[in-house]
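Coordinate analysis (summary)
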Amino acid sequence: MRVIRQKLEGVDMVVDRLECGPVRVTCIPDIANIAWPAKAIFGALSSDALAAAETRAPSGTVNASDGTVRLSFNSYLIETPDFTALIDCGVGNDKERPDRPAWHRRSSSFLDALSALGVAPQQVDIVINTHLHADHVGWNTRLVEGVWQPTFASARYVVCGAELDHWSAIDRENDGVGPDGVGTLHGAFADSIAPIVETVGYEAVAADAEIAPGLRFQPAPGHSPGMAAVILSTPHGDVMFPADAIHHPLQLDDAAVSSNFCENPEQACSTRQRLLAQAAAGNAVLAPYHFPAPVFGRLKTDETSFRFCPLAVEDVS
Ligand SMILES: [Zn+2]
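Below you will find a few notes about this structure. (Residues numbered from 1 in each chain as written. Predicted model: local features only at pLDDT ≥ 70, side-chain atom pairs only at ≥ 80, totals over all residues. Heavy atoms only, no water.)

Okay, the layout of surface pockets next. Here the largest pocket defines a volume of roughly 440 Å³. If you trace the largest pocket, you find 25 residues lining it, with Arg-100, His-133, Leu-185, His-186 and Phe-261 closest to the centre. Mapped by element, the contributors of at least two residues to the lining of the largest pocket are strand 5 (68-79), helix 4 (134-137) and helix 5 (161-174). Per-element tally for the lining of the largest pocket: the top contributor is helix 5, with three residues. Across the lining of the largest pocket, the residue classes tally to eleven nonpolar, nine polar and five charged. Size it by volume and the second largest pocket reaches roughly 290 Å³. Lining the second largest pocket we find 21 residues, and of these Met-13, Val-14, Pro-29, Ala-32 and Asn-33 sit closest to its centre. Of all elements in the fold, only strand 2 (14-20), strand 3 (23-37) and strand 5 reach the threshold of two or more residues within the lining of the second largest pocket. The dominant element in the lining of the second largest pocket, judged by the number of residues it contributes, is strand 3, at six residues. Of the residues assigned to the lining of the second largest pocket, the class counts are twelve nonpolar, five polar and four charged. (1 Å grid on protein atoms, 1.4 Å probe; cavity = no way out; pocket = protein on both sides within 12 Å on 5 of 7 lines; lining within 4 Å. Points joined across faces, edges and corners; volume = space filled by probe spheres on them. Helix = DSSP H or I, 4+ residues; strand = E, 2+ residues; numbered from the N terminus. Nonpolar A, V, L, I, M, F, W, Y, C, P; charged D, E, K, R; others polar.)

Any two of four tetrahedral donors ideally make an angle of 109.5 degrees at the metal, while pairs among six octahedral donors ideally make 90 or 180 degrees. The coordination sphere of the zinc ion, as far as protein atoms go, consists of Asp-135 (OD), His-136 (NE2), Asp-244 (OD) and His-290 (NE2), spread over 2.1 to 2.3 Å. Coordination geometry of the zinc ion: the four donor atoms subtend angles of 89 to 162° at the metal centre, consistent with an arrangement described as irregular. Here the donor residues of the zinc ion share one chain and are spaced in sequence as D-H-x107-D-x45-H. Both residues of the pair, Asp-135 and His-136, count as buried. (Donors = N, O, S within 2.8 Å, 3.2 Å for Na, K, Ca; no water. Tetrahedral: all angles 85-135°; square planar, octahedral: opposite > 155°, others 65-115°. Buried < 20%, exposed > 50% of the residue type's maximum accessible area, 1.4 Å probe, protein only.)

So, on to the environment of Val-158. One can find Val-158 in strand 10 (residues 156-160). Linking Val-158 and Glu-203, residues 45 residues apart in sequence, is a C-alpha distance of 4.8 Å. Residues within four places of Val-158 in sequence aside, it is in contact with Ile-126, Val-127, Ile-128, Asn-129, Tyr-202, Glu-203, Val-205, Ile-211 and Phe-217. (Contact = heavy atoms within 4.5 Å.)

Within strand 14 (residues 228-234), six of the seven residues are buried, which leaves it mostly tucked inside the rest of the structure. Where strand 13 (residues 215-219) lies against strand 14, five bridges are found, and the strand directions are antiparallel. Its bridge partner being in strand 14, Pro-219 is matched across the sheet by Ala-228. Bridge count between strand 14 and strand 15 (residues 237-241): five bridges; the pairing is antiparallel. Considered in strand 15, the bridge of Val-230 is made with Phe-241. Counted between consecutive antiparallel strands, the loop separating strand 14 from strand 15 contains two residues. (Pairing = 2+ DSSP bridges.)

Turning next to the environment of Cys-20. Checked against the element boundaries, Cys-20 lands in strand 2. Sequence separation between Cys-20 and Asp-112 is 92 residues; the distance between their C-alpha atoms is 24 Å. Setting aside chain neighbours within four positions, we find Cys-20 in contact with Met-1, Thr-234, Pro-235 and His-236.

Before going further, it helps to examine the side chain of Asp-135. In this fold, Asp-135 is placed in helix 4. Arg-100 provides the closest opposite charge to the buried, unpaired Asp-135, separated from it by 7.6 Å. At 3.2 Å, the side chain of Asp-135 forms a polar contact with the side chain of His-290. In this structure, Asp-135 is in contact with Phe-73, Gly-90, Val-91, Trp-103, Asp-244, Tyr-289 and His-290, ignoring residues within four places of it in sequence. (Lys, Arg positive; Asp, Glu negative; His and termini not counted. Salt bridge = Lys/Arg side-chain N within 4 Å of Asp/Glu carboxyl O. Polar contact = N/O pair within 3.5 Å; in protein donor to acceptor, adjacent residues only side chain to side chain.)

Spelled out as structure tokens, the structure:
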């Protein structure tokens, strides 16, 4: 396996690509490496714990002096001889997210990046939503003449059935408007999920379903009730996409740190520990959704904590 880093032609974006024989996995950050107040994501983390995390986490990912951590929002494009798939869909463009300024009315070059990689939207065969939070479903849809339409019109949109049922029920209970008045899932249910349900439809599957040959879900509940991780088998070993079972490298050596956005923090912790232990034991390459680059790495463990060891990156730009 090797990782190539490339500045995309004509697009303000740098991507890392994992090459595993005939299989390629490209990380496309819809938002790359932004500072996020640590308290807004890890509310229970004291400033002392943050300072300690800064000494252990990868350089530049924690800044205890201004109280921030770095996050990206990474979609992964998988290309095999048999299919082209996208795992998670970023925040998207033009979405109204008044209570999330970093996600509000964005204009990112995500589709230009795909195009620079030689992939037109209609060539995507499978779109996987690991869960339905607003920062994972954005590019499900795009605004065309005032209407939210599926971005990947020929794709199977795959989600865990329990996840779709959960948020559909909440949307019905809320009558489309959350207690905060901005809509279910910050508005994402209405503009990024319902338009899929109402047009091409979701393929709602089991949390351990095989999605395509060599590509399968693995249950990862806790952060969201029906979240699933994704495992890709390649001729050179497995790649694990843990979705939001882990948000930031600082959680690798502090098992108890859950994000403020985990529905069931205890379950989220045990899911995280299980997935990390599995990746370490199987020497899988981890491809996290929210880590800033470098994103592809293996885990070393000493039983109580994990260390993320990025694969060497060859810069070809
Ligand atoms: Zn997320």
